[in-house]
Amino acid sequence: MAHKRSGGGLSTAQQAAKFLGVSVLSGVVLAGIALPAVGALGLSAKGTAAGFDDLPGELKTPPLSQASKILDAHGGLIATVYSRDRTVVPIEDMSPNVLSAIVAIEDSRFYEHGALDPKGILRALSNNASEGGTQGASTLTQQYVKNVFVEEAGDDPNKVALATQQTIGRKIKEMKYAIQVEKELGKKKILENYLNITFFGEQAYGVEAASQRYFSKHAKNLSLTEAALLAGLVQSPSRYDPINDEQEALKRRNTVLARMAQLKDITPEQSAAAQKAPLGLKVSSPKNGCITAVNGAGFFCDYVRNTFLTNAAFGKTKEERAKTWDTGGLTIKTTLDPKAQAGVLDGISKHVYKSDAIAAAVTLVEPGTGKIVAMGQSKPYGFGKNETQINFSVNANMGGGQGFQNGSTFKPITAAAALEAGYKPDQSEPSPNKMTYPDVTTCDNNTIHGTDETGNEDPSEVGPYQMPEALKKSINTYFLQLESQTGLCPIVNMATKLGLNRADGKPLNQIASLTLGTNEVSPLNVAAAYAAFANRGVYCTPIAIQSVTAAGGKKLTVPKSLCSQAMSQNTADTINTMLKGVVDDGTGEAANLDDGRDTAGKTGTTDDRWAAWFAGYTPNMAAAVWMGDPKHSKKMKNITIGGKYYPLVYGADGPAPIWKDAVSASLEGKPVLSFVTVPLNIQDKGKNPPASPDPNNPGNATNTDDKHKGRGHGPGGVTTMGTTTGAITAGAAGGGTNGGTTTGTTVGATGANGATNGSPNPFPTFPGLTTGGGNGRAGGTTGAT
């Protein structure tokens, strides 16, 4: 019996149903003739069409979202990523069995009717009028149109709800578009599109993905029983899911087989035999995302994804980039070298276990191109125990953490800034074993007065030192003094030109300990900075993507590495010459490559052993290795890492061997190249070499730079240490009595023609440090011990 509205009469839906039934029988809809406005029937539900003729006649079909493939530099598959697992295939690559099965169960009159099926609509409308429903009667063409709306809605729940709402308005839109689609595409293309867009459950969209998911084969190879099972899923993928309910799936499959026999697509005997067959599943688990990446490249894969979503080369807005990524169908060729990647993982696994509290991360960058050649870490990509999704190698905005202090691997940047400012490798500094942080000048011309004390690792490390030996032995106090003379701003500027910013995206902290590597940075940025030394001073921004091809074969523009001269070639060659010595017979000796390749680098160890580093390079490969506790809760003291006991972990004995293993593998088969080295002009001047002149105020020149006023050195002036008891007086222009007066024995030589003023103590927080004035009788005196 028909359900009546309150107050009597047929409901709005029933009136519409009766009217549509009459219209269909009259051929009105089929002819595409104007349908009176539904509003005239008293319908006012949200989403109702104002009128059939008012609807646009062209269905804009969005590109189907597909899986994208991320490839290594040699074309090998790293990972498959998708928002919807779909591989679009032509109808020729679909088994005839699945074509027959889907038509039989979803729209058996598909080849007989037009876009709409009058008989089916009349039957459904009759049922709906008596039961108050709005179901049934949709042809394959109408179902395809609805799926287009759903596809366009993407993952937006509100848009999906609108695309699937059960209203008369939506059904009318569906009809109008179906008429247009039928005219333009034809039956064969509609069936092909339908089978590519439809959802088959278990994250599989389209018949090819479904065939791979349930039977691990291509759609063109589906048997009769397999095709019938997939066709049966379309009506309700969750209800008939063969993985979760085999019996329901079996009954549904057999219903499809029986219908095919009824329609004479197959014989009754074929149907009977097929219905007795088991489901024959051979399920392939969904392989989506970077968690499926091979060769431990999950973190690199994630970096590629973040690069795509944040780089304007792939779209002007983040929404545009996200849509392109989610639509997929991309083939992304990256810079990853599979041999180098395997070497990184092997090198790490030999020295750090994934179960260790301590972790390690390694990144390789090619000098001159900026290509990220390899990226790996000891904690695998994942969600389980001893796994993580935080990429220790990169900055926070690219999927990394907050970074790690890089210790003495920052010192070469200070050295480069000093050389660019005119200082020479023979620059000598007193370099006591312990000292208070010196005063330093920031980029805002503010002076930071040091109060805390620091020192060198070994009590025997007492200066004076010159730059090459200070780098070899990693003398903290030397670089603090050099930093004070150079000023923080040139050093910060040098770091910025080398792409070395904080991992949290903030500017480097301008503090007295800057040169000791107290800012948190990422291994990728350290490796890229060191690659600039190898490239004779030219810094190239890191890149991970070489090419991107869209589903239709269109090549997308990819971001190129931007290269710029960060320092002069001579400065870079000088740094390379000095850092080569670090590896030859300094703290980085454990990283020396066995094949005779020129190798340069620097160790780094932070206070209390929170982190240890080795950053180094050959002319054709740069790499940075970090080791530490990513949670920053465990110091590397009296600790076992990778089965080896360490009383204290140093950059030389923890990260350096990993660096050697990783880089050796990456360079296998590559040419052996040499650095361009320069003479350092270091003379053996005994334990107390004279201090080098300030390049900003040499000889008789007058320094007008506020940061360097009064720092003139006559060539004979000596910087020494003592306990100041007398006032420090400035030398007069052309001559002065003493550069500084202390109790003790005079050791300063007579200064040559000095600058206008004798230099004041450049390290006022360290007592007794004085600098000779021009033409002073004594360059300085040393206090009694």
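A brief report on the enclosed structure follows. None of these values were measured; they are calculated from a predicted model.

Conventions and cut-offs
- Residues numbered from 1 in each chain as written.
- Predicted model: local features only at pLDDT ≥ 70, side-chain atom pairs only at ≥ 80, totals over all residues.
- Heavy atoms only, no water.
- Buried < 20%, exposed > 50% of the residue type's maximum accessible area, 1.4 Å probe, protein only.
- Helix = DSSP H or I, 4+ residues; strand = E, 2+ residues; numbered from the N terminus.
- Pairing = 2+ DSSP bridges.
- Polar contact = N/O pair within 3.5 Å; in protein donor to acceptor, adjacent residues only side chain to side chain.
- Contact = heavy atoms within 4.5 Å.
- Core = buried A, V, L, I, M, F, W, Y, C linked by side-chain atoms within 4.5 Å.
- Axes fitted to C-alpha atoms, helices over the stretch in contact; angles between N-to-C directions.
- Parallel < 35°, antiparallel > 145°, perpendicular 65-115°, else oblique.
- Nonpolar A, V, L, I, M, F, W, Y, C, P; charged D, E, K, R; others polar.
- Phe/Tyr/Trp six-rings, centres within 6.5 Å; stacked < 30°, edge-to-face > 60°.

1. Notes on the pairing of strand S3 (residues 331–334)
Walk down a regular strand and you will see the side chains alternate between the two sheet faces. Burial of the side chains of S3 is restricted to one face: Ile332 and Thr334 are buried, whereas none of Thr331 and Lys333 on the reverse face is. With 3 bridges connecting them, strand S1 (residues 68–71) and S3 associate as parallel partners. Across the sheet, the residue bridging to Lys69 is Thr331, located in S3. In this structure, S3 lies alongside strand S15 (residues 545–549), joined through 4 bridges in antiparallel fashion. Bridging from a neighbouring strand, Ile332 pairs with Val548 of S15.

2. As for the side chain of Asn306
Relative to the elements of secondary structure, Asn306 occurs in helix H11 (residues 298–310). Residue class for Asn306 comes out buried when judged on its relative accessible area of 13%. A polar contact is formed between the side chain of Asn306 and the backbone oxygen of Met398, at a distance of 3.1 Å. Sequence-distant contacts of Asn306, defined by excluding residues within four places in its chain, comprise Met398 and Gly399.

3. Some details on the side chain of Ser271
Its location among the elements puts Ser271 in helix H10 (residues 268–276). Not counting the four nearest positions on each side in its chain, Ser271 is found in contact with Leu257, Ala258, Ala261 and Ile266.

4. Regarding the environment of Ala342
Looking at the secondary structure, you find Ala342 in helix H13 (residues 338–351). Given a relative accessible area of 34%, Ala342 falls into the partly exposed group. In sequence terms Ala342 and Met375 are 33 residues apart; their C-alpha atoms lie 9.8 Å from each other.

5. Let's talk about the nonpolar core
Ile78, Phe300, Leu498, Ile575 and Tyr617 are the most contacted members of the largest nonpolar core, which has 93 residues in total. In terms of residues, this core owes the most to one element, helix H18 (residues 523–534), which gives 10 residues. Setting aside residues no more than four positions away along its own chain, Ile78 makes contact with Ile70, Leu71, Asp72, Thr292, Ala293, Val294, Ala297, Phe300, Cys301, Thr334 and Leu336.

6. Focus on the packing of helix H2 (residues 96–106) against helix H9 (residues 246–262)
One can describe the packing of H2 onto H9 by two numbers: an axis separation of 9 Å at closest approach and a directional angle of 90°. It follows that H2 is roughly perpendicular to H9 by the angle criterion. Of H9, the residues touching H2 (which contributes Asn97, Ser100, Ala101, Ala104, Ile105 and Glu106) are Arg252, Thr255, Val256, Arg259 and Met260. Here the residues of the contact of H2 with H9 sort into 5 nonpolar, 3 polar and 3 charged.

7. A look at unusual backbone geometry
Following Gly463, the chain continues into Pro464 via a peptide bond in cis, with omega recorded as 10°. Residue placement: Pro464 occurs in the loop between strand S11 (453–455) and strand S12 (465–466). You will see that Ser216, though not glycine, has its phi angle at about 55°, which is positive. For Ser216, the location among the structural elements is in the loop between helix H7 (207–215) and helix H8 (224–233).

8. Structural notes on the sheet that holds strand S19 (residues 611–618)
Pairing within the open sheet is antiparallel, and its 5 strands lie in the order S5-S4-S20-S19-S18. Only two strands of the sheet have a single partner each, and these edge strands are strand S5 (372–377) and strand S18 (600–605). With direction set aside, neighbouring strand axes in the sheet form an average angle of 5°.

9. Some remarks on the packing of aromatic side chains
Applying the stated criterion across every chain yields a total of 15 aromatic pairs. With centroids separated by 4.6 Å and ring planes inclined at 35°, the aromatic side chains of Phe199 and Tyr205 adopt a geometry described as tilted. Note on Tyr205: relative accessible area 19%, which makes it buried. An angle of 15° between the planes, with centres 4.2 Å apart, marks the rings of Phe308 and Phe314 as stacked.

That is the geometry; function is a separate question.
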